[in-house]
Amino acid sequence: MDLSSGPQNLNPTIYERTEERTVQASDYDNDASDEIDRREIFDLIRTINDPEHPLTLEELNVVDLDGVTIDNQANTVRVQFRPTIPHCSMATLIGLSIRAKLLYTLPSRYKVGVNIIEGAHIQENQINKQLNDKERVTAALENNHLRAVVNRCIIASDA
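Here's a quick rundown of the structure. What you see is a predicted model, and the numbers here were worked out from it, not measured in a lab.

## Some words on the overall build of the protein chain
- Regarding its fold elements, the protein chain presents 5 helices and 3 strands.
- Listed by position from the N terminus, the elements making up the protein chain come as α-β-β-α-β-α-α-α.
- The buried share of the protein chain, taken over its 159 residues, is 41%.
- Partitioning the intrachain contacts of the protein chain with sequence separation of at least 6 by distance along the chain shows that 66% fall at a separation of at least 24.
- As presented, the protein chain carries roughly 9400 Å² of accessible surface, and 46% of it is formed by carbon and sulfur atoms.

Right, here's the structure in full:
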């Protein structure tokens, strides 16, 4: 993964952002028991910055609400994403950023899966295998350079 070369998709299509969620009074009640829903997961990942462009994954239509599933009984979260081009060299980094954001923010009981939407990338099977291999993800996030790149994508999204 060569991060020094220029962007592959020089003129990406920019999509409208989803309307912000309306905060309810019950959202501030720490005694109320509520389950995490798809929209909450989407809100966590929608503002992750693309590693090549000063745009969010939502603005590039890399992630959307339809690509998020959650099963609170089984404690699983699955996110499917769509790279902007079928040969995107940043697909693994984007998936790793999504996975890292969810691993850092969700309760540890949740098992997180991140996949490229079927047919959206020429190497989707290899990338999906990497993104869902716990040992590979751990090793990647232990690499100082790679962790710094992932953190830039994630931290910028929280600003």
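## Quick notes on the packing of helix H2 (residues 91–105) against helix H4 (residues 134–142)
- Orientation of H2 relative to H4, taken along the N-to-C sense of each, is 90°, at an axis distance of 11 Å. The orientation of H2 relative to H4 falls into the category roughly perpendicular. In this structure, H2 uses Leu-96, Arg-99, Ala-100, Leu-103 and Tyr-104 to contact H4, whose residues at the interface are Val-137, Ala-140 and Leu-141.
- When the residues that make up the contact of H2 with H4 are grouped by side-chain class, the tally is 7 nonpolar, no polar and 1 charged.

## With respect to unusual backbone geometry
- In this structure, Asn-61 is a non-glycine residue whose phi angle is positive, near 60°.
- At Asn-75, a residue that is not glycine, the phi angle is positive and equals roughly 55°.
- Residue position: Asn-75 is located in the loop between strand S1 (68–71) and strand S2 (76–81).

## Concerning the nonpolar core
- Phe-81, Ile-98 and Leu-102 are the most contacted members of the largest nonpolar core, which has 40 residues in total.
- Of all elements in the fold, only helix H1 (38–45), S2, H2, strand S3 (111–116), helix H3 (124–131), H4 and helix H5 (144–158) reach the threshold of two or more residues within this core.
- Element by element, the count of residues in this core is highest for H2, at 7 residues.
- Those residues in contact with Leu-102 that sit more than four places away from it in its chain are Ile-41, Leu-44, Ile-45, Val-77, Val-79 and Val-112.

## Side note on the sheet that holds S2
- Sheet architecture is open: 3 strands sit in the order S1-S2-S3, paired in mixed fashion. Two strands close off the open sheet at either side, each with one partner strand: S1 and S3. Between one strand and the next, the sheet's axes are offset by a mean angle of 10°, whatever the strand orientation.
- The pairing of S1 with S2 spans 4 bridges and is classified as antiparallel. Looking at the pairing, Asp-71 lines up with Thr-76 of S2.

## Some details on the pattern of salt bridges
- Tallying each qualifying case throughout the model produces 5 salt bridges.
- Ionic pairing is found between Glu-58 and Arg-46, a salt bridge with its closest N-O pair at 3.0 Å. Of the two residues, Glu-58 is situated in the loop between H1 and S1 and Arg-46 in the loop between H1 and S1; the sequence distance between them amounts to 12 residues.
- The class for Arg-46 is buried, based on a relative accessible area of 1%.
- Taking the shortest distance from any N to any O, the salt bridge between Arg-82 and Asp-64 comes out at 3.2 Å. Here the residue Arg-82 occupies a position in the loop between S2 and H2, and Asp-64 occupies one in the loop between H1 and S1, the gap between them amounting to 18 residues.
- Here Arg-82 falls in the partly exposed class, since its relative accessible area comes to 26%.
- Beyond isolated ion pairs, a larger network of salt bridges with shared partners links Arg-39, Asp-43, Arg-46 and Glu-58.

Parameters at a glance
- Residues numbered from 1 in each chain as written.
- Predicted model: local features only at pLDDT ≥ 70, side-chain atom pairs only at ≥ 80, totals over all residues.
- Heavy atoms only, no water.
- Helix = DSSP H or I, 4+ residues; strand = E, 2+ residues; numbered from the N terminus.
- Buried < 20%, exposed > 50% of the residue type's maximum accessible area, 1.4 Å probe, protein only.
- Contact = heavy atoms within 4.5 Å.
- Areas by Shrake-Rupley, 256 points an atom, 1.4 Å probe, with all protein chains shown as cover.
- Axes fitted to C-alpha atoms, helices over the stretch in contact; angles between N-to-C directions.
- Parallel < 35°, antiparallel > 145°, perpendicular 65-115°, else oblique.
- Nonpolar A, V, L, I, M, F, W, Y, C, P; charged D, E, K, R; others polar.
- Core = buried A, V, L, I, M, F, W, Y, C linked by side-chain atoms within 4.5 Å.
- Pairing = 2+ DSSP bridges.
- Salt bridge = Lys/Arg side-chain N within 4 Å of Asp/Glu carboxyl O.

Function cannot be inferred from these measures alone, as they are strictly geometric.
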